[in-house]
Amino acid sequence: MPVPTIDGLTLPTTVVGSYAIPSWLWAAYEKIEAGGFGEMDVTETENDAVDTAIRDQERAGVDVISDGEMRRQGFIVSIFRYFTGLRPLPPRRKVGILSYDGHTFYEPVDRLGAPEGLGMRKELAYLKEATARPFKLTCPGPLTLATQIVKGGPYRDRVEVAADLAGIINAELRGLAAEGARHLQLDDVFQSFSMDPKILVDLYNRCVEGVKVERLFYHICFGTLEGFSFSERSYRSLFPAILGVRADQLVFEFANRELAEIGLWREFDCPKELGAGVIDTKSFYIEKPEVVARRIHKLLEHVPAERLWVNPDCGLARMPRYIALAKLRAMVAGTRMVREELAGRRSGPPSE
């Protein structure tokens, strides 16, 4: 089946990547981790989970969907199984609410490698057969992955770790492009251990060097694990350096910050598309379509409609499925309201 594309649509709607995890998948995780599933059982479970995520996004009417990242536990946790050169370390904190210091960390014992890739070609192959809608594939960025890796071995600091991770990611993205992917997204956090935006730009550009696709996305978030951020919740320090990334679209959070800093687009005359978060993924409040439409109108005061995409602030994996679906439906409905208004303005008053 050919990979579908999107062309000529005003205010395309999409997701950031992850989708809400069904209750039965949580239960399956427990049995999988206990060794109770065979290889075919795991594949069947993952395929069913992807089908669920696809179906919900299609039901909501999202224009460019994802596979919900259903084959990845904890966004990046399961990706570490693909790496060589790392030794797992026990979590630094095991008591209390799960947060960033409660995951397994890794110590380098050699140069990092991923001889079998990062598993995303399997995701692409399944998506091409599972949906007729345009879709994007998402990949954790080098700084995000480096949060779980301490310095050691051949690496003096985490920035050096991230530099090697960028090469591994680049090979993965090149492979996806060669196999027909059209929309690729890198997800990164503006990390406290590397707050120089020039480093962020350089690492992204290394990741996408030579990657030829229809559209490259760059999602930069503040962290969302259990609703907690990982860094200062401001994009201002990224500008104007961030304009140097070889991405077609920047994907930013806005809804949970009351659209703060949207003026940066006009202030710095940003030529890139904006994937604007209009749905708060850190709140159980289900936005009404009118709320979404009002947020989009505010965005259009600073970003031309032809360069604006609409999405949630971040992934939906930390939300109950019924809320995630309701939020996506509201996002699509609110976007349609604005599209109809824009179409009416273009057509003008009826001729006499």
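Coordinates for the structure precede this section.
The structure presented is a predicted model; accordingly, all values stated were derived computationally and were not measured.

Trainee: Kindly report on the overall build of the chain, identifying the contributing residues and their values.
Mentor: A count of helical and extended segments in the chain gives nine helices and eight strands. For 352 residues, the compact-globule formula gives about 20 Å, and the C-alpha radius of gyration of the chain, at 20 Å, lands near that figure. Principal-axis analysis of the C-alpha atoms places the extent of the chain at approximately 75 × 45 × 45 Å. For the chain, the proportion of its 352 residues judged to be buried stands at 55%. The long-range share in the chain, meaning contacts at least 24 apart out of those at least 6 apart in sequence, stands at 78%. If you average the places of the 45 positive and of the 49 negative side-chain charges in the chain, the two averages end up 2 Å apart.

Trainee: Could you give an account of the pairing of strand 5 (residues 215–221), naming the residues involved and the relevant values?
Mentor: Extensive coverage of strand 5 is indicated by the burial of seven of its seven residues. Here strand 5 shows no split at all, with Arg215, Phe217, His219 and Cys221 on one side and Leu216, Tyr218 and Ile220 on the other all buried. With three bridges joining them, strand 5 and strand 6 (residues 249–252) adopt parallel strand pairing. Bridge assignment links His219 to a residue of strand 6, and that residue is Val251.

Trainee: I'd like a rundown of the nonpolar core, residues and numbers included.
Mentor: The biggest cluster of nonpolar side chains holds 96 residues, and the ones touching the most others in it are Phe83, Tyr218, Ile242, Phe252 and Leu274. Broken down by element, this core gets its largest block of residues, nine residues, from helix 5 (residues 158–178). Among residues more than four places away in sequence, those in contact with Ile242 are Leu200, Val201, Tyr218, Ile220, Leu250 and Lys272. One finds Val16, Phe217, Val251 and Trp309 within the second-largest nonpolar core, a separate group that totals five residues.

Trainee: I'd like a rundown of the state of the cysteines, residues and numbers included.
Mentor: Under the counting rule described, the total for this entry stands at zero disulfides. Here Cys207 is not disulfide-linked; the sulfur of Cys139 is the nearest cysteine sulfur, at 7.2 Å. Note on Cys221: no disulfide assigned, nearest cysteine sulfur contributed by Cys314 at a separation of 4.1 Å.

Trainee: Which residues make up helix 1 (residues 23–33), and what values go with them?
Mentor: Within helix 1 the residues assigned to the buried category are Leu25, Ala28 and Tyr29. Down the axis of helix 1, the sector holding all buried residues measures 110 degrees, keeping them to one side. In helix 1, the exposed positions angled more than 90 degrees off the buried face are occupied by Ser23 and Glu30. Elements that come into contact with the buried residues of helix 1 comprise helix 2 (39–60). Positive phi appears at Gly35, one or two residues downstream of helix 1, with a value of about 85 degrees.

What counts and how
- Residues numbered from 1 in each chain as written.
- Predicted model: local features only at pLDDT ≥ 70, side-chain atom pairs only at ≥ 80, totals over all residues.
- Heavy atoms only, no water.
- Helix = DSSP H or I, 4+ residues; strand = E, 2+ residues; numbered from the N terminus.
- Rg over C-alpha atoms; globule rule 2.2 N^0.38 Å.
- Buried < 20%, exposed > 50% of the residue type's maximum accessible area, 1.4 Å probe, protein only.
- Contact = heavy atoms within 4.5 Å.
- Lys, Arg positive; Asp, Glu negative; His and termini not counted.
- Charge placed at Lys NZ, Arg CZ, Asp CG, Glu CD.
- Pairing = 2+ DSSP bridges.
- Core = buried A, V, L, I, M, F, W, Y, C linked by side-chain atoms within 4.5 Å.
- Disulfide = S-S within 2.5 Å.
- Arc of directions from axis to C-beta.

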